[in-house]
Amino acid sequence: MSTSRISLTRYLIEQERIHGTLPPQLRLLLEVVARSCKSISLSVTKGALGDILGATKTENIQGEVQKKLDIIANEVLIEANEWGGHLAAMASEEMDSIHVIPNRYPQGEYLLLFDPLDGSSNIDVNVSIGTIFSVLKKPENTPAVGEADFLQPGSKQVAAGYCVYGPQTTLVLTVGNGVAMFTLDREQGSFVLTQENIQVPEDTQEFAINMSNMRHWAAPVKRYVDECLAGEEGVREKNFNMRWIASMVADVHRILTRGGVFMYPWDKREPNKPGKLRLMYEANPMSWLIEQAGGAATNGQQRILDLQPAGLHERVSVILGSKNEVARVTRYHAEAVK
Ligand code: AHG
Ligand code: MN
Ligand code: MN
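Everything numeric in this text was worked out from a predicted model, so none of it was measured. (Residues numbered from 1 in each chain as written. Chains lettered and ligands numbered in written order. Predicted model: local features only at pLDDT ≥ 70, side-chain atom pairs only at ≥ 80, totals over all residues. Heavy atoms only, no water.)

### Some remarks on the site of ligand 1
As a structural note, the neighbourhood of ligand 1 is formed by 18 residues, with Asp 118, Ser 120, Asn 210, Met 248 and Tyr 264 the closest of them. The contact in question runs from an oxygen atom of ligand 1 to an N or O atom on the side chain of Trp 244, over 3.0 Å. With respect to ligand 1, the side chain of Glu 282 contributes an N or O atom lying 3.5 Å from an oxygen atom. When the free accessible area of ligand 1 is taken as 470 Å², the share hidden by the protein chains comes to 87%. Contributing elements (two or more residues each) for the shell around ligand 1: strand S5 (110–118), strand S13 (261–264) and strand S14 (277–278). (Near = heavy atom within 4 Å. Polar contact = N/O pair within 3.5 Å; in protein donor to acceptor, adjacent residues only side chain to side chain. Areas by Shrake-Rupley, 256 points an atom, 1.4 Å probe, with all protein chains shown as cover. Helix = DSSP H or I, 4+ residues; strand = E, 2+ residues; numbered from the N terminus.)

### Topic: the nonpolar core
In this structure, Tyr 162, Met 248, Leu 256, Phe 262, Met 286, Val 318 and Leu 320 are the most contacted members of the largest nonpolar core, which totals 42 residues. The biggest single contributor to this core is helix H7 (residues 279–292), with seven residues. Shared between two domains, this core takes at least three residues from each, and those domains are domain 1 (8–196) and domain 2 (206–336). If near-sequence neighbours (up to four positions away) are discounted, Phe 262 is found in contact with Ala 208, Trp 244, Met 248, Asp 251, Ile 255, Leu 277, Val 318, Ile 319 and Leu 320. Counting residues in hydrophobic clusters, the runner-up holds 40 residues, among them Cys 37, Tyr 110, Ile 129 and Phe 133. (Core = buried A, V, L, I, M, F, W, Y, C linked by side-chain atoms within 4.5 Å. Buried < 20%, exposed > 50% of the residue type's maximum accessible area, 1.4 Å probe, protein only. Domains from an automatic or database assignment. Contact = heavy atoms within 4.5 Å.)

### Topic: the pattern of salt bridges
Where side chains of opposite charge bring their charged atoms close, a pairing between them can arise. The tally for this structure, following the rule as stated, stands at 20 salt bridges. Among the ionic pairs, Arg 254 bridges to Glu 206, the shortest N-O distance being 3.5 Å. In this pair, Arg 254 sits in helix H6 (residues 248–258) while Glu 206 sits in strand S11 (residues 206–208), placing the two residues 48 residues apart along the sequence. Each of the two residues, Arg 254 as well as Glu 206, counts as buried. Put simply, Glu 270 and Lys 273 hold a salt bridge, and the shortest N to O gap is 2.9 Å. Classification of Glu 270 as partly exposed rests on a relative accessible area of 44%. Look at Lys 273 and you get partly exposed, because its relative accessible area is 29%. (Salt bridge = Lys/Arg side-chain N within 4 Å of Asp/Glu carboxyl O.)

### Topic: the coordination of the manganese ion (ligand 2)
Ligation of the manganese ion (ligand 2) by protein atoms is provided by Asp 115 (OD), Asp 118 (OD) and Glu 282 (OE), these donors lying 1.8 to 2.1 Å from the ion. Between the manganese ion (ligand 2) and the manganese ion (ligand 3), a spacing of 3.7 Å is present, and a bridge between the two is formed by Asp 115. Linking Asp 115 in strand S5 with Glu 282 in helix H7, this pair joins segments that are 167 residues apart in sequence. The same class applies to Asp 115 as to Glu 282, namely buried. (Donors = N, O, S within 2.8 Å, 3.2 Å for Na, K, Ca; no water.)

### Some words on the sheet that holds strand S8 (residues 169–174)
The eight strands lie next to each other as S4-S3-S5-S6-S7-S8-S9-S10, forming an open sheet whose pairing is mixed. Edge positions in the open sheet fall to strand S4 (99–100) and strand S10 (190–195), since each of these has one partner strand only. Taken together, the six bridges between strand S7 (residues 159–165) and S8 define a ladder with antiparallel strand orientation. If you follow Ala 160 over to S8, its bridge partner there is Thr 174. (Pairing = 2+ DSSP bridges.)

### What to know about the domain arrangement of the protein
Considered domain by domain, the protein is made up of domain 1 (8–196) and domain 2 (206–336). Taking the mean C-alpha position of each, domain 1 and domain 2 sit 24 Å from one another. The interface is formed by 51 residues belonging to domain 1 together with 32 residues belonging to domain 2. Approximately 2,900 Å² of surface area, both sides summed, lies buried where domain 1 meets domain 2, with 63% of it carried by carbon and sulfur atoms. (Buried area = accessible area lost by both parts, 1.4 Å probe.)

### Observations concerning the pairing of S13
Residues of S13 alternate between two faces, with Val 261 and Met 263 on one and Phe 262 and Tyr 264 on the opposite face, all of them buried. As judged from the two bridges shared by S11 and S13, these two strands associate in the parallel manner. Of the residues in S13, the one forming a bridge with Ala 208 is Phe 262. Of the strand pairs in this sheet, S13 and strand S17 (residues 318–321) are connected by four bridges, and their pairing is antiparallel. When the bridges of S17 are listed, Val 261 appears paired with Gly 321.

Below is the structure:
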(Lines give C-alpha, C1' and ligand atoms only; values in the text may rest on other atoms or scores of the structure.)
(Ligands and ions follow the chains in the order given, each with its own letter.)
Protein backbone atom coordinates (compact mmCIF):
# COMPACT_ATOMS: atom_id res chain seq x y z
CA MET A 1 0.00 0.00 0.00
CA SER A 2 1.21 3.48 -0.85
CA THR A 3 2.34 5.54 2.13
CA SER A 4 1.41 8.78 0.40
CA ARG A 5 -2.29 8.38 1.07
CA ILE A 6 -3.83 11.47 2.62
CA SER A 7 -6.14 10.76 5.54
CA LEU A 8 -9.01 13.05 6.50
CA THR A 9 -6.98 14.14 9.56
CA ARG A 10 -4.00 15.15 7.43
CA TYR A 11 -6.25 16.93 4.92
CA LEU A 12 -7.87 18.97 7.69
CA ILE A 13 -4.55 19.89 9.29
CA GLU A 14 -3.18 20.97 5.90
CA GLN A 15 -6.30 23.05 5.22
CA GLU A 16 -5.58 24.98 8.39
CA ARG A 17 -1.96 25.44 7.38
CA ILE A 18 -2.74 26.59 3.83
CA HIS A 19 -5.91 28.62 4.30
CA GLY A 20 -6.05 29.29 8.05
CA THR A 21 -9.76 28.48 8.05
CA LEU A 22 -9.91 25.43 10.25
CA PRO A 23 -9.55 26.09 13.96
CA PRO A 24 -8.87 23.02 16.13
CA GLN A 25 -12.47 22.88 17.46
CA LEU A 26 -13.84 22.74 13.94
CA ARG A 27 -11.33 20.08 12.97
CA LEU A 28 -12.34 18.00 15.97
CA LEU A 29 -15.98 18.48 15.06
CA LEU A 30 -15.42 17.23 11.51
CA GLU A 31 -13.41 14.26 12.72
CA VAL A 32 -16.18 13.33 15.16
CA VAL A 33 -18.83 13.62 12.44
CA ALA A 34 -16.68 11.43 10.19
CA ARG A 35 -16.30 8.89 12.99
CA SER A 36 -20.07 8.87 13.46
CA CYS A 37 -20.54 8.25 9.74
CA LYS A 38 -18.14 5.32 9.98
CA SER A 39 -20.24 3.85 12.73
CA ILE A 40 -23.50 4.44 10.80
CA SER A 41 -21.88 2.87 7.74
CA LEU A 42 -21.10 -0.27 9.77
CA SER A 43 -24.73 -0.54 10.89
CA VAL A 44 -25.98 0.02 7.34
CA THR A 45 -23.73 -2.73 6.05
CA LYS A 46 -25.08 -5.25 8.56
CA GLY A 47 -28.65 -4.80 7.31
CA ALA A 48 -31.00 -7.52 8.51
CA LEU A 49 -28.14 -9.15 10.48
CA GLY A 50 -27.88 -6.02 12.63
CA ASP A 51 -31.64 -5.68 13.11
CA ILE A 52 -31.56 -2.20 11.61
CA LEU A 53 -34.23 -2.59 8.94
CA GLY A 54 -37.87 -1.59 9.25
CA ALA A 55 -39.89 1.13 10.93
CA THR A 56 -40.52 2.21 14.51
CA LYS A 57 -43.89 3.25 15.92
CA THR A 58 -42.88 6.91 16.19
CA GLU A 59 -43.20 9.91 13.87
CA ASN A 60 -40.86 12.89 13.57
CA ILE A 61 -42.00 16.52 13.67
CA GLN A 62 -42.65 16.42 9.93
CA GLY A 63 -45.17 13.59 10.42
CA GLU A 64 -42.89 10.98 8.80
CA VAL A 65 -42.75 7.51 10.34
CA GLN A 66 -39.25 7.06 11.72
CA LYS A 67 -37.24 4.10 10.51
CA LYS A 68 -35.07 2.21 13.00
CA LEU A 69 -32.01 3.51 11.21
CA ASP A 70 -33.23 7.14 11.42
CA ILE A 71 -33.18 6.79 15.20
CA ILE A 72 -29.93 4.83 15.36
CA ALA A 73 -28.08 7.33 13.15
CA ASN A 74 -29.47 10.24 15.16
CA GLU A 75 -28.29 8.68 18.43
CA VAL A 76 -24.85 7.91 17.04
CA LEU A 77 -24.37 11.55 16.01
CA ILE A 78 -25.68 12.96 19.29
CA GLU A 79 -23.62 10.67 21.51
CA ALA A 80 -20.40 11.16 19.55
CA ASN A 81 -20.72 14.95 19.46
CA GLU A 82 -21.89 15.64 22.99
CA TRP A 83 -18.77 15.46 25.08
CA GLY A 84 -15.92 16.85 22.96
CA GLY A 85 -16.37 20.51 23.93
CA HIS A 86 -16.65 21.65 20.30
CA LEU A 87 -20.41 22.24 20.15
CA ALA A 88 -22.94 24.52 21.79
CA ALA A 89 -25.96 22.65 20.42
CA MET A 90 -27.22 20.32 17.71
CA ALA A 91 -30.34 20.14 15.57
CA SER A 92 -31.65 17.23 13.55
CA GLU A 93 -34.45 16.19 11.24
CA GLU A 94 -35.36 13.60 13.86
CA MET A 95 -35.64 15.99 16.86
CA ASP A 96 -38.42 18.54 17.30
CA SER A 97 -36.18 21.11 18.95
CA ILE A 98 -32.48 21.72 19.46
CA HIS A 99 -30.28 19.54 21.65
CA VAL A 100 -28.19 21.79 23.88
CA ILE A 101 -24.92 20.29 25.15
CA PRO A 102 -25.66 19.18 28.74
CA ASN A 103 -24.06 21.09 31.61
CA ARG A 104 -21.78 18.20 32.54
CA TYR A 105 -19.76 18.85 29.37
CA PRO A 106 -17.98 22.01 28.23
CA GLN A 107 -19.74 24.06 25.57
CA GLY A 108 -18.01 24.96 22.32
CA GLU A 109 -18.68 27.65 19.76
CA TYR A 110 -20.20 25.63 16.92
CA LEU A 111 -23.70 24.53 15.99
CA LEU A 112 -24.21 21.25 14.15
CA LEU A 113 -27.28 20.41 12.07
CA PHE A 114 -27.89 17.07 10.42
CA ASP A 115 -30.16 14.81 8.48
CA PRO A 116 -28.90 11.66 10.19
CA LEU A 117 -30.29 9.32 7.57
CA ASP A 118 -31.22 10.68 4.18
CA GLY A 119 -33.20 8.51 1.78
CA SER A 120 -35.02 6.53 4.47
CA SER A 121 -37.32 4.87 1.92
CA ASN A 122 -34.24 3.17 0.47
CA ILE A 123 -32.99 1.53 3.69
CA ASP A 124 -35.04 -1.64 3.45
CA VAL A 125 -34.41 -2.11 -0.27
CA ASN A 126 -30.60 -1.92 -0.04
CA VAL A 127 -30.20 1.23 -2.14
CA SER A 128 -27.77 4.09 -1.36
CA ILE A 129 -28.58 6.30 1.62
CA GLY A 130 -26.58 8.93 3.49
CA THR A 131 -26.01 11.47 6.24
CA ILE A 132 -26.02 15.23 5.57
CA PHE A 133 -24.49 17.82 7.91
CA SER A 134 -24.08 21.58 8.20
CA VAL A 135 -21.94 23.56 10.64
CA LEU A 136 -22.61 27.11 11.79
CA LYS A 137 -20.86 29.31 14.29
CA LYS A 138 -22.84 30.28 17.37
CA PRO A 139 -23.41 34.04 17.25
CA GLU A 140 -21.18 35.83 19.74
CA ASN A 141 -22.53 37.27 22.99
CA THR A 142 -25.49 34.92 23.23
CA PRO A 143 -25.82 34.00 26.91
CA ALA A 144 -27.77 30.76 26.46
CA VAL A 145 -27.88 29.03 23.12
CA GLY A 146 -31.36 28.80 21.60
CA GLU A 147 -33.10 27.90 18.35
CA ALA A 148 -32.82 31.51 17.12
CA ASP A 149 -29.02 31.11 17.01
CA PHE A 150 -29.43 28.42 14.34
CA LEU A 151 -31.53 30.60 12.05
CA GLN A 152 -28.67 31.85 9.89
CA PRO A 153 -28.63 31.80 6.08
CA GLY A 154 -26.66 29.00 4.40
CA SER A 155 -24.02 31.52 3.31
CA LYS A 156 -22.88 31.56 6.95
CA GLN A 157 -21.99 27.86 7.03
CA VAL A 158 -18.39 27.16 8.05
CA ALA A 159 -18.43 23.51 6.97
CA ALA A 160 -20.87 21.23 5.19
CA GLY A 161 -20.87 17.74 3.80
CA TYR A 162 -22.45 14.38 3.48
CA CYS A 163 -21.54 10.74 3.67
CA VAL A 164 -23.05 8.37 1.15
CA TYR A 165 -23.49 4.72 2.15
CA GLY A 166 -23.42 3.06 -1.24
CA PRO A 167 -21.23 0.41 -2.84
CA GLN A 168 -18.50 2.54 -1.24
CA THR A 169 -18.83 4.77 1.79
CA THR A 170 -17.74 8.23 0.67
CA LEU A 171 -17.47 11.41 2.71
CA VAL A 172 -17.75 14.67 0.78
CA LEU A 173 -16.74 17.87 2.49
CA THR A 174 -16.31 21.60 2.09
CA VAL A 175 -14.86 24.10 4.51
CA GLY A 176 -15.08 26.85 1.91
CA ASN A 177 -12.00 25.98 -0.14
CA GLY A 178 -13.54 23.68 -2.73
CA VAL A 179 -14.95 20.19 -2.37
CA ALA A 180 -13.00 17.07 -1.41
CA MET A 181 -14.03 13.40 -1.41
CA PHE A 182 -12.79 10.72 0.98
CA THR A 183 -13.39 7.02 0.58
CA LEU A 184 -13.68 4.82 3.65
CA ASP A 185 -10.91 2.23 3.80
CA ARG A 186 -12.68 -0.42 5.84
CA GLU A 187 -9.53 -2.39 6.69
CA GLN A 188 -7.73 0.70 8.00
CA GLY A 189 -10.90 2.22 9.40
CA SER A 190 -10.03 5.63 7.96
CA PHE A 191 -11.30 8.04 5.34
CA VAL A 192 -8.73 8.53 2.57
CA LEU A 193 -8.69 11.50 0.20
CA THR A 194 -9.68 10.21 -3.24
CA GLN A 195 -10.59 13.40 -5.10
CA GLU A 196 -9.97 17.12 -4.62
CA ASN A 197 -11.26 20.30 -6.28
CA ILE A 198 -14.34 18.59 -7.60
CA GLN A 199 -16.01 20.53 -10.41
CA VAL A 200 -19.58 20.06 -11.60
CA PRO A 201 -19.66 20.34 -15.41
CA GLU A 202 -21.51 23.53 -16.43
CA ASP A 203 -23.67 21.70 -18.95
CA THR A 204 -25.46 18.41 -18.69
CA GLN A 205 -27.84 16.07 -20.46
CA GLU A 206 -29.14 14.43 -17.30
CA PHE A 207 -31.90 15.56 -14.94
CA ALA A 208 -33.23 14.17 -11.66
CA ILE A 209 -36.81 14.69 -10.53
CA ASN A 210 -39.61 12.50 -9.23
CA MET A 211 -41.63 12.29 -12.47
CA SER A 212 -44.68 10.87 -10.70
CA ASN A 213 -45.39 14.39 -9.43
CA MET A 214 -45.47 15.89 -12.92
CA ARG A 215 -49.16 16.73 -12.83
CA HIS A 216 -48.61 18.78 -9.66
CA TRP A 217 -45.65 20.90 -10.86
CA ALA A 218 -45.64 24.63 -11.52
CA ALA A 219 -45.45 25.74 -15.17
CA PRO A 220 -41.71 26.63 -15.30
CA VAL A 221 -40.65 23.19 -14.03
CA LYS A 222 -43.07 21.46 -16.42
CA ARG A 223 -41.69 23.54 -19.31
CA TYR A 224 -38.09 22.62 -18.45
CA VAL A 225 -38.76 18.90 -18.14
CA ASP A 226 -41.01 18.82 -21.24
CA GLU A 227 -38.17 20.35 -23.23
CA CYS A 228 -35.70 17.77 -21.90
CA LEU A 229 -38.09 14.97 -22.80
CA ALA A 230 -38.55 16.34 -26.33
CA GLY A 231 -34.89 15.47 -26.94
CA GLU A 232 -33.17 16.03 -30.28
CA GLU A 233 -36.44 16.90 -31.99
CA GLY A 234 -37.28 19.62 -29.46
CA VAL A 235 -35.98 23.12 -28.71
CA ARG A 236 -32.99 21.76 -26.76
CA GLU A 237 -31.87 19.75 -29.82
CA LYS A 238 -30.28 17.08 -27.64
CA ASN A 239 -31.40 13.97 -25.80
CA PHE A 240 -31.60 13.91 -22.01
CA ASN A 241 -31.25 11.01 -19.62
CA MET A 242 -33.08 10.81 -16.30
CA ARG A 243 -32.15 9.39 -12.88
CA TRP A 244 -34.03 9.48 -9.56
CA ILE A 245 -32.58 7.57 -6.62
CA ALA A 246 -34.90 9.05 -3.95
CA SER A 247 -31.89 9.74 -1.71
CA MET A 248 -30.81 13.34 -2.17
CA VAL A 249 -27.34 12.34 -1.03
CA ALA A 250 -26.98 9.78 -3.81
CA ASP A 251 -28.46 12.09 -6.46
CA VAL A 252 -26.18 14.98 -5.43
CA HIS A 253 -23.21 12.60 -5.34
CA ARG A 254 -23.86 11.63 -8.95
CA ILE A 255 -24.15 15.31 -9.92
CA LEU A 256 -20.86 16.17 -8.20
CA THR A 257 -19.28 13.27 -10.05
CA ARG A 258 -20.62 13.74 -13.57
CA GLY A 259 -22.97 16.74 -13.64
CA GLY A 260 -26.72 16.97 -13.85
CA VAL A 261 -29.59 18.93 -12.41
CA PHE A 262 -31.59 17.88 -9.34
CA MET A 263 -35.04 19.26 -8.63
CA TYR A 264 -37.47 18.80 -5.79
CA PRO A 265 -39.65 21.80 -6.55
CA TRP A 266 -42.74 23.23 -4.89
CA ASP A 267 -45.83 21.43 -6.16
CA LYS A 268 -49.59 21.61 -5.82
CA ARG A 269 -49.96 18.59 -3.53
CA GLU A 270 -49.39 20.75 -0.48
CA PRO A 271 -49.49 24.28 -1.88
CA ASN A 272 -48.80 25.91 1.48
CA LYS A 273 -45.47 24.13 1.84
CA PRO A 274 -42.57 25.65 -0.12
CA GLY A 275 -41.29 22.16 -0.98
CA LYS A 276 -40.47 18.78 0.52
CA LEU A 277 -36.81 19.16 1.39
CA ARG A 278 -35.63 20.92 4.51
CA LEU A 279 -33.63 24.14 4.17
CA MET A 280 -31.26 23.94 7.09
CA TYR A 281 -29.98 20.37 7.03
CA GLU A 282 -30.63 19.26 3.46
CA ALA A 283 -30.76 22.18 1.00
CA ASN A 284 -28.17 24.48 2.62
CA PRO A 285 -25.30 22.00 2.97
CA MET A 286 -25.95 20.50 -0.48
CA SER A 287 -26.22 23.96 -2.08
CA TRP A 288 -22.93 25.07 -0.59
CA LEU A 289 -21.17 21.91 -1.79
CA ILE A 290 -22.61 22.38 -5.28
CA GLU A 291 -21.60 26.06 -5.38
CA GLN A 292 -18.13 25.21 -4.09
CA ALA A 293 -17.86 22.82 -7.04
CA GLY A 294 -18.85 25.53 -9.54
CA GLY A 295 -22.55 24.66 -9.75
CA ALA A 296 -25.61 26.64 -8.67
CA ALA A 297 -28.58 26.20 -6.33
CA THR A 298 -31.86 28.12 -6.25
CA ASN A 299 -35.46 27.85 -5.13
CA GLY A 300 -36.47 29.22 -8.54
CA GLN A 301 -36.40 32.84 -7.41
CA GLN A 302 -33.48 33.18 -5.03
CA ARG A 303 -30.12 31.64 -4.33
CA ILE A 304 -30.77 29.05 -1.61
CA LEU A 305 -27.76 30.17 0.45
CA ASP A 306 -29.25 33.69 0.73
CA LEU A 307 -32.56 32.55 2.24
CA GLN A 308 -33.13 33.68 5.82
CA PRO A 309 -34.57 30.68 7.70
CA ALA A 310 -37.57 31.31 9.94
CA GLY A 311 -37.63 27.86 11.54
CA LEU A 312 -35.40 24.86 12.13
CA HIS A 313 -37.48 22.51 10.00
CA GLU A 314 -38.42 24.99 7.29
CA ARG A 315 -38.91 23.49 3.84
CA VAL A 316 -37.73 24.83 0.51
CA SER A 317 -38.04 24.25 -3.21
CA VAL A 318 -34.71 22.98 -4.56
CA ILE A 319 -33.12 23.21 -8.01
CA LEU A 320 -29.38 22.56 -8.04
CA GLY A 321 -26.51 21.26 -10.12
CA SER A 322 -24.89 22.19 -13.43
CA LYS A 323 -24.72 25.97 -13.66
CA ASN A 324 -26.19 26.55 -17.10
CA GLU A 325 -29.17 24.26 -16.53
CA VAL A 326 -29.96 25.86 -13.16
CA ALA A 327 -29.75 29.27 -14.89
CA ARG A 328 -32.22 28.06 -17.52
CA VAL A 329 -34.74 26.81 -14.93
CA THR A 330 -34.35 30.12 -13.06
CA ARG A 331 -35.02 32.03 -16.30
CA TYR A 332 -38.17 29.97 -16.91
CA HIS A 333 -39.39 30.96 -13.42
CA ALA A 334 -38.69 34.65 -14.14
CA GLU A 335 -40.45 34.46 -17.53
CA ALA A 336 -43.50 32.82 -15.95
CA VAL A 337 -44.15 35.76 -13.60
CA LYS A 338 -43.87 38.42 -16.32
P1 AHG B 1 -35.37 11.74 4.27
O2 AHG B 1 -35.21 10.29 4.07
O3 AHG B 1 -34.26 12.36 5.08
O4 AHG B 1 -36.73 12.14 4.78
O5 AHG B 1 -35.18 12.50 2.87
C6 AHG B 1 -35.74 11.96 1.70
C7 AHG B 1 -35.80 13.03 0.66
C8 AHG B 1 -34.62 13.13 -0.26
O9 AHG B 1 -33.49 12.47 0.12
C10 AHG B 1 -35.12 12.58 -1.57
O11 AHG B 1 -34.59 13.31 -2.62
C12 AHG B 1 -36.61 12.73 -1.48
O13 AHG B 1 -36.94 12.78 -0.13
C14 AHG B 1 -37.36 11.62 -2.15
O15 AHG B 1 -38.70 11.93 -2.13
P16 AHG B 1 -39.81 11.11 -2.96
O17 AHG B 1 -39.96 9.80 -2.27
O18 AHG B 1 -41.01 12.00 -2.85
O19 AHG B 1 -39.30 10.98 -4.38
MN1 MN C 1 -33.28 13.77 3.85
MN1 MN D 1 -33.60 11.83 7.02
